[in-house]
Amino acid sequence: MRRTWRLLRYARPYALYSFASVVLMAVVGAMAGLRVLLIKPIIDNVLSPLESPRQVLVFTIPHTHRVLDFQYIIPSHFHNAWTVVAVALVGSAIIKSICDYLGTLLANKAGFGMITDLRNDFYDSILRRSTAFFQRHPSERWP
């Protein structure tokens, strides 16, 4: 257990990077879920020309009475349901890509930073050893 705490000490300076990475990856998951949610408006509103595009991006959460209204994101001058769904798909793809890139970047920065700090401390501890230590503890024996 003591070794675990010593190793977790190296993660402390990178906790913010790790937390931001987790949040960005959650956004990536939410954008993937939004694409699945857009299937219903495509079938209901886009493929039926009689429906109004005003309620294309209004979703009800299953098994609850909550409503997610994303219609305010799309400007009101869009009158075609195809345009509303296309903007939502392209927008979600762009947001997902940016969050995926930044989340991966921050996770790599945290991981490689922890490994670099651990490696530097290991090298420093080896370099601080005396010559007598290396004579007492040889790394391998020559025949």
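In this text, all values refer to a predicted model and were calculated from it rather than measured experimentally. (Residues numbered from 1 in each chain as written. Predicted model: local features only at pLDDT ≥ 70, side-chain atom pairs only at ≥ 80, totals over all residues. Heavy atoms only, no water.)

## Structural notes on the overall build of the protein chain
Applicable threshold: Numbering of helices and strands runs from the N terminus, with a helix taken as a DSSP run of H or I at least four residues long and a strand as a DSSP run of E at least two residues long. Burial classes: relative accessible area under 20% of the type maximum marks a residue as buried, over 50% as exposed, and values in between as partly exposed (1.4 Å probe, protein chains only). The contact definition used throughout considers only heavy atoms, calling two residues in contact when any of these lie within 4.5 Å. Each accessible area value is a Shrake-Rupley result obtained with a 1.4 Å probe; residue values ignore everything except the protein chains displayed when judging cover.
Of the regular secondary structure elements, the protein chain holds five helices and two strands. Helices and strands appear in the protein chain in the N-to-C order α-α-α-β-β-α-α. Across the 143 residues that make up the protein chain, the buried fraction comes to 19%. Within the protein chain, contacts between residues separated by at least 24 positions form 62% of all contacts whose residues are at least 6 apart in sequence. As presented, the protein chain carries roughly 11,300 Å² of accessible surface, and 65% of it is formed by carbon and sulfur atoms.

## Notes on the nonpolar core
Test applied: Buried Ala, Val, Leu, Ile, Met, Phe, Trp, Tyr and Cys residues form a nonpolar core when they are joined through side-chain atoms within 4.5 Å.
Counting eight residues, the largest nonpolar core is built from Met31, Leu34, Leu38, Leu57, Phe59, Ile74, Val84 and Ala88. Among the elements of the structure, helix H2 (15–37) and helix H4 (81–127) are those that each provide at least two residues to this core.

## Brief notes about a positive patch on the surface
Quick note on the threshold: Residues enter a patch when their relative accessible area is above 30% and they make no salt bridge; the linking distance is 9 Å between like charges and 5 Å between nonpolar side chains (Val, Leu, Ile, Met, Phe, Trp, Tyr). A side-chain nitrogen of Lys or Arg and a carboxyl oxygen of Asp or Glu constitute a salt bridge if their distance falls within 4 Å. Lys and Arg are tallied as positive, Asp and Glu as negative. Neither His nor the chain termini are counted. Every charge is mapped to an atom, namely NZ of Lys, CZ of Arg, CG of Asp or CD of Glu.
The grouping of Arg2, Arg3, Arg6, Arg9 and Arg12 at the surface amounts to a positive patch. By relative accessible area, which is 69% here, arginine 3 ends up exposed.

## Section: the environment of isoleucine 73
Among the secondary structure elements, isoleucine 73 is positioned in the loop between strand E2 (67–69) and H4. Here isoleucine 73 falls in the exposed class, since its relative accessible area comes to 54%. Each C-alpha atom, one on isoleucine 73 and one on leucine 57, is 9.2 Å from the other, the two residues being 16 residues apart in sequence.

## Re the packing of aromatic side chains
Operational definition: Centres within 6.5 Å are what make two rings of Phe, Tyr or Trp a pair, Trp counting through its six-membered ring; a difference in plane orientation under 30 degrees is then read as stacked, over 60 as edge-to-face, and the rest as tilted. A ring is scored as having a charge over it whenever the NZ atom of a lysine or the CZ atom of an arginine sits within 6 Å of its centre and within 35 degrees of its normal.
Summed over all chains, the structure comprises three aromatic pairs. Note on phenylalanine 122 and tyrosine 123: the rings are 5.9 Å apart at their centroids and 45 degrees apart in plane angle, and the pair reads as tilted. A relative accessible area of 44% means that tyrosine 123 is categorised as partly exposed. Aromatic pair phenylalanine 133 and phenylalanine 134: ring centres 5.4 Å apart, planes at 80 degrees, arrangement edge-to-face. Stacked on the ring of tyrosine 10, the Lys or Arg arginine 9 has its end atom at 5.2 Å from the ring centre. The cationic tip of arginine 129 hangs over the ring face of phenylalanine 133; the distance from NZ or CZ to the ring centre is 4.7 Å.

## Points about H2
Basically, it comes down to this: Multiplying one less than the number of residues by 1.5 Å gives the expected span of a helix.
With 23 residues, H2 ought to run about 33 Å at 1.5 Å a step, and its terminal C-alpha atoms sit 33 Å apart, in line with that. Within the span of H2, buried status applies to Ser21, Leu24, Val28, Met31 and Leu34.

## A look at the side chain of serine 21
Inspection of the secondary structure assignment puts serine 21 in helix H2. We classify serine 21 as buried; its relative accessible area is 7%. Aside from chain neighbours lying at most four places away, what touches serine 21 is Gly103, Leu106 and Ala107.

## Focus: the environment of alanine 107
When you line up the elements, alanine 107 lands in helix H4. Sequence separation between alanine 107 and alanine 20 is 87 residues; the distance between their C-alpha atoms is 8.5 Å.

## Let's talk about the side chain of serine 92
Tracing the chain through its elements places serine 92 in helix H4. Note on serine 92: relative accessible area 2%, which makes it buried. The residues touching serine 92, leaving out its near neighbours within four places in the chain, are Met31, Leu34 and Arg35.

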